[in-house]
Amino acid sequence: ALNKNAGTGRCWGHADWGGACSSIDFSGVTSASSNTYAFVVLSKTAGKGQCWGQADRGGDCSSIDFAGITNVSGGHAFFLAWNAKTGRAQCWGPWIRRSQCSRANLIGVTDIAIAQYSFVALNKNTGKFLCVGHLGRCSGFESTAVTDVYSTGHAFMALNKNTG
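Anyway, here's the lowdown on the structure attached to this text.

Definitions and limits used
Counting restarts for each chain, with residues numbered from 1 along the sequence as it is written. Thresholds applied to this predicted model are a pLDDT of at least 70 for local features of residues and 80 or more for the giving and counting of side-chain atom pairs; totals over whole chains, interfaces and linings are not thresholded and use all residues. Hydrogens and water molecules were not included; the side-chain quantities draw on all heavy atoms of the structure. To qualify as a nonpolar core, a set must consist of buried Ala, Val, Leu, Ile, Met, Phe, Trp, Tyr and Cys residues joined through side-chain atoms within 4.5 Å. Think of it in three bands: with a 1.4 Å probe and only protein chains considered, a residue is buried below 20% of the maximum accessible area for its type, exposed above 50%, and partly exposed in between. Helix and strand labels come from DSSP, where a helix needs a run of H or I of at least four residues and a strand needs a run of E of at least two; each type is numbered from the N terminus. Any two residues having at least one pair of non-hydrogen atoms within 4.5 Å are treated as being in contact. A 1.4 Å probe that fits but cannot get out identifies a cavity on a 1 Å grid over protein atoms alone, an open set with protein on both sides within 12 Å along at least five of seven lines counts as a pocket, and a residue lines either if it has an atom within 4 Å of a point. Grid points are joined across faces, edges and corners, and a volume is the space filled by probe spheres set on the points. Each residue receives one of three labels: charged for Asp, Glu, Lys and Arg, nonpolar for Ala, Val, Leu, Ile, Met, Phe, Trp, Tyr, Cys and Pro, and polar for the others, Gly being one of them. Aromatic pairs are defined between Phe, Tyr and Trp rings, using the six-membered ring for Trp, whenever the two ring centres lie within 6.5 Å; interplanar angles under 30 degrees are classed as stacked, those over 60 as edge-to-face, and all others as tilted. Any pair of cysteine sulfurs within 2.5 Å is marked as a disulfide.

1. Comments concerning the nonpolar core
Logical step 1: One finds L80, W82, L106 and F119 to be the most contacted residues of the largest nonpolar core, which totals 14 residues.
Logical step 2: Looking at this core, the elements that each hand over two or more residues are β7 (79-82), β8 (89-92) and β10 (118-123).
Logical step 3: Discounting chain neighbours no more than four positions away, the residues touching W82 are I69, T70, N71, V72, S73, R88, A89, L106, V109 and I112.
Logical step 4: Residues A38, V40, I64 and W92 belong to the second largest nonpolar core, which totals 12 residues.

Okay, here's the thing in structure tokens:
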């Protein structure tokens with residue numbers, strides 16, 4: 001449970017999977033995300049992120065630079081952090097290569113759909129989307145008129161609400 005106004009958070013459950021958070025400083029936290037094994041909290045103003053849970057499944061983000069990060073999303077066992085204005089992206093956790101994220105240009109991204117080991121980034125203003133990761137092969141799909149993206153753990157759907 002996170003109280004952004006009071007800067008407090010409480011965790012419970014299996015300690016190894018994020019149920020223990022007494023060492024986390026929740027003051028200034030602006031957003032939080034989770035995956036199956038870990039949590040991350042972000043303080044946009046301070047440019048600081050904190051992770052806990054299974055270290056090799058996203059619970060260790062000590063190598064990530066959170067300065068300028070505007071959004072964080074969690075997949076099955078990884079996290080994606082990005083700056084929607086500059087497009088800079090970083091991933092951590094297994095099964096998704098950091099190089100895949102660092103090469104992705106996420107400028108203007110408005111929505112992210114995350115599957116188990118992949119993500120689709122959508123810019124609703126242009127209708128274009130980008131696929132990254134294990135299921136990241138989206139070549140051959142028209143990606144200029146998409147209004148929404150969705151995911152299950154193993155698949156994606158792109159939708160144009162105007163044309164179907």
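2. Considerations on the layout of surface pockets
Logical step 1: Volume-wise, the second largest pocket comes out at about 160 Å³.
Logical step 2: Together, 13 residues line the second largest pocket, and A1, R10, C11, F39 and W52 are the ones closest to its centre.
Logical step 3: Among the secondary structure elements, those contributing two or more residues to the lining of the second largest pocket are β3 (31-34) and β4 (38-43).
Logical step 4: Looking at the lining of the second largest pocket residue by residue, the class counts come to 9 nonpolar, 3 polar and 1 charged.

3. Some details on the packing of aromatic side chains
Logical step 1: For the structure shown, the criterion picks out 5 aromatic pairs.
Logical step 2: Summarising the aromatic geometry, the rings of F66 and W92 are spaced 5.7 Å apart at their centres and angled 85° between planes, so their arrangement reads as edge-to-face. Here F66, found in the loop between β5 (48-53) and β6 (71-74), pairs with W92, found in strand β8; they are 26 residues apart in sequence, far enough to count as distant. Assigned by exposure class, F66 and W92 land together as buried.
Logical step 3: Clustering of aromatic rings is evident, with ring pairs tying together F26, F39 and W52.

4. A look at the state of the cysteines
Joining two cysteines, a disulfide is a covalent bond between their sulfur atoms.
Logical step 1: Applying the stated criterion across every chain yields a total of 3 disulfides.
Logical step 2: Covalent S-S linkage joins C51 and C61, the inter-sulfur distance amounting to 2.2 Å. Taking the sign of the torsion about the S-S bond as the criterion, the disulfide between C51 and C61, at about 110°, is right-handed. Placement of C51 in strand β5 and of C61 in the loop between β5 and β6 is noted, with a sequence separation of 10 residues between them. No difference in accessibility class separates C51 from C61, as the two residues are buried.
Logical step 3: The disulfide that involves C91 links it to C101, with 1.7 Å between the sulfurs. Between C91 and C101 the sulfur-sulfur dihedral comes to about -70°; the bridge is accordingly left-handed. Of the two residues, C91 sits in strand β8 while C101 sits in helix α1 (residues 98-103), which places them 10 residues apart along the sequence.

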